[in-house]
Amino acid sequence: MNRAVSYGLRSLVPLSLLASACAPSAPDVDVDEIAGDEADALDGARFGVDISIWSGEITDAEVRCWYAGGVRHVIAGTQLERITRQQLDMAIAGGMTVDLYVYLHWNESMTAQVQHALEIAADYPQIGRLWLDAEEDTSLSRTAIEGKLTEALNACGDLECGIYTANWWWQPHMTGSTKFTNVPVWYAYYDLDPSMSTWSTQKFGGWVEPTAKQWQETYYCGIDVDKNTIFVDQPLPAAPPPLPADQPGVPAAPTGLYPDDLTKIETVYVRMLTATVPAATNYSFEVQSWNGSSWVTYTTYGATTNARKFNPALKNRVYRWRARAKDASGWGAWSDWALFEFGKATSFPPGAEPPPAEDPPEDPPAPEVPGAPTNLSPADGSTFPSGGVTLSCGAVSSADQYAFEIQYKNSSGAFTAYYTYSGSGSSRTFYPQYTGKDYRWRVRARTGGTWTPDSSWVGFHYGN
């Protein structure tokens, strides 16, 4: 899947990087090389691209470029909801049909991961399918993975789901399993051939025919994508309207600025973009930061397109920016200011203060997992300013080993592995290395050489 597709997993080898690491980079494939008649060349399927958090926000110009190249379908990853929604908005406005995919983490709840994706899908009736991305490395057995995939599929509810995977992952982890042949499959094979007739020699998993094939990773119209051939049930929307005609004189002030309305930026970069200004050859992006009492000039960027990416040097601040465009007649007027919050701002300009935070509803106690250890302590939602944290559970009859798995929430907002403590006792004290972080933990026990299921996750905060 496109560019590791998940926080905290850049060390894993995604399908796309595995292929590119094993072969020299290939030139981009022009749609004209696919066919003059797309319907015939793709056998009734569509030319699609999948994108992710690593692709970043996309502009109307980039989507129009895809459309001009024959792309008619976009599959967006759910790694960061803000970016996912922006990508969906632009793709739909650009005349594309759309799907979602969710990268599955085997050590997390399948149901919770799918439900998060469904929360996004609920606002987009245009979404045709949710793809379950099975490519994360794991030591789980085939039977355990089958159970987790079944749980994920059951969690899809009324939205049709499919499985994204590849032979290099399926064969070693699933050892030839044919359990999911009734589920659509989207497979990765980087042969630069958009035809799915290659399935006859590339097939695996018992599937008779694939629904989609991912056949190249590349930069397309300047955006990091994977190219796909995919069968889609949704009817094609009308073609996007052409840009309005250029008017005499200097261009109008740009519109459609993003980010705006104090958008909270969680990534290490900001991509500022506007709607395309007809006939514009240059854009200028002026940026200021709020120092607690006044706006201070940060910098002004020039660009030849309607987007500019930068990494703010000043963290935890409110920024504002505006743009203008230039055509053959000269520079036009500046747009209105657009605001965003980078990190967790400690001061807000007058009139831009966020609404007071509401007290979150109390979480129900974590459900007990049948057969897992019970009576977990500390309780979910506990806080420890400093010192040690003692994790414990009720003693399990005849247990000779307990394993306490701990994760912490990284700067990107995703839980990542911290450590797993094992020992013969049903409690464990440790001293968290990272302060000011949210942690979560769970426990299992070994009896008679067999491990119980893991308990539900229990969370706590460490530090002030």
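Here's what I pulled together on the structure shown here. Along each chain, residues carry numbers from 1 onward, in the same order as the chain's sequence is written. For this predicted model, a pLDDT threshold of at least 70 governs which residues receive local features, and a threshold of 80 or more governs which side-chain atom pairs are given and counted, while totals over whole chains, interfaces and linings are taken from all residues. With hydrogens and water stripped out, all remaining heavy atoms of the structure feed into the side-chain values.

### A look at the pattern of salt bridges
Here is the rule: Definition used for salt bridges: Asp or Glu carboxyl oxygen within 4 Å of a side-chain nitrogen of Lys or Arg. Each helix is a run of DSSP H or I of at least 4 residues and each strand a run of E of at least 2, with the numbering of both proceeding from the N terminus. Only protein chains enter the accessibility calculation, which uses a 1.4 Å probe. A residue is then buried if its area is under 20% of the maximum for its type, exposed if over 50%, and partly exposed in between.
For the coordinates displayed, the defined rule picks out 15 salt bridges. Salt-bridge contacts for Asp-60 lead to Arg-64; the nearest nitrogen and oxygen are separated by 3.5 Å. Placement of the pair is Asp-60 and Arg-64 together in helix α4 (residues 60-68), with a separation of 4 residues, close to one helical turn. With relative accessibility at 27%, the residue Arg-64 sits in the partly exposed group. Ionic pairing is found between Arg-442 and Glu-405, a salt bridge with its closest N-O pair at 2.9 Å. In this pair, Arg-442 sits in strand β22 (residues 437-447) while Glu-405 sits in strand β19 (residues 399-409), placing the two residues 37 residues apart along the sequence. Among the residues examined, Glu-405 registers a relative accessible area of 17% and is labelled buried.

### With respect to the sheet that holds strand β4 (residues 127-133)
Going by this rule: Between any two strands, pairing holds if DSSP finds at least two bridges. To obtain an axis, a line is fitted to C-alpha atoms, over the contacting stretch when the element is a helix, and the angle between two such axes runs from 0 to 180 degrees between their N-to-C directions. Note on definitions: a residue-residue contact is assigned when non-hydrogen atoms from the two residues lie within 4.5 Å.
Here we have 8 strands rolled up into a closed barrel, ordered β1-β2-β3-β4-β5-β6-β7-β8, and mixed in their pairing. With strand direction ignored, the average angle separating the axes of adjacent strands in the sheet is 30°. Bridge count between β4 and strand β5 (residues 161-165): 4 bridges; the pairing is parallel. Residue pairing across strands places Leu-132 opposite Ile-163, the latter belonging to β5. Along the sheet, helix α5 (residues 81-93) makes contact with β1 (46-51), β2 (73-77), β3 (97-103) and β4, crossing β3 at roughly 160°.

### Some details on the packing of aromatic side chains
Defined as follows: Any two rings among Phe, Tyr and Trp, with Trp reduced to its six-membered ring, count as a pair given centres within 6.5 Å; such a pair is stacked if its planes are under 30 degrees apart, edge-to-face if over 60, and tilted if neither.
Within this structure, the stated rule accounts for 34 aromatic pairs. With a centroid separation of 6.4 Å and an interplanar angle of 90°, the aromatic rings of Tyr-319 and Phe-342 are classed as edge-to-face. Taken together, the positions of Tyr-319 in strand β14 (residues 317-327) and Phe-342 in strand β16 (residues 338-342) put the pair 23 residues apart, joining distant regions of the chain. Take Tyr-319 and Phe-342: they sit in the same class, and that class is buried. Measuring from ring centre to ring centre gives 6.0 Å for Tyr-418 and Tyr-434, while their planes differ by 80°; the resulting arrangement is edge-to-face. Of the two residues, Tyr-418 sits in strand β20 (residues 415-423) while Tyr-434 sits in the loop between β21 (427-430) and β22, which places them 16 residues apart along the sequence. Exposure remark for Tyr-434: the relative accessible area of 31% places this residue in the partly exposed category. Grouping aromatic residues by their ring pairs yields a cluster made of Phe-384, Tyr-408, Tyr-418, Tyr-419, Tyr-421, Phe-430, Tyr-434, Tyr-439, Phe-460 and Tyr-462.

### Regarding the state of the cysteines
Basically, it comes down to this: The disulfide definition used here is simple: a pair of cysteine sulfur atoms within 2.5 Å.
Inspection of every chain in the model, using the stated rule, returns 2 disulfides. A sulfur-sulfur distance of 1.9 Å marks the disulfide that ties Cys-156 to Cys-161. Judged by the sign of its S-S torsion, about -100°, the cystine formed by Cys-156 and Cys-161 is left-handed. Accessibility expressed as a relative area gives 3% for Cys-156, which makes it buried. By relative accessible area, Cys-161 is classed as buried at 8%.

### So, the side chain of Ser-289
With respect to the helices and strands, Ser-289 occurs in strand β11 (residues 282-290). With a relative accessible area of 2%, Ser-289 lands in the buried category. Residues within four places of Ser-289 in sequence aside, it is in contact with Ser-294, Trp-295, Val-296, Tyr-298, Leu-314, Arg-317, Val-318 and Tyr-319.

### Section: the side chain of Arg-322
Considering the arrangement of structural elements, one finds Arg-322 in strand β14. Excluding its chain neighbours within four sequence positions, the residues that come into contact with Arg-322 are Leu-257, Ser-284, Phe-285, Glu-286, Trp-334, Ser-335, Asp-336 and Trp-337.

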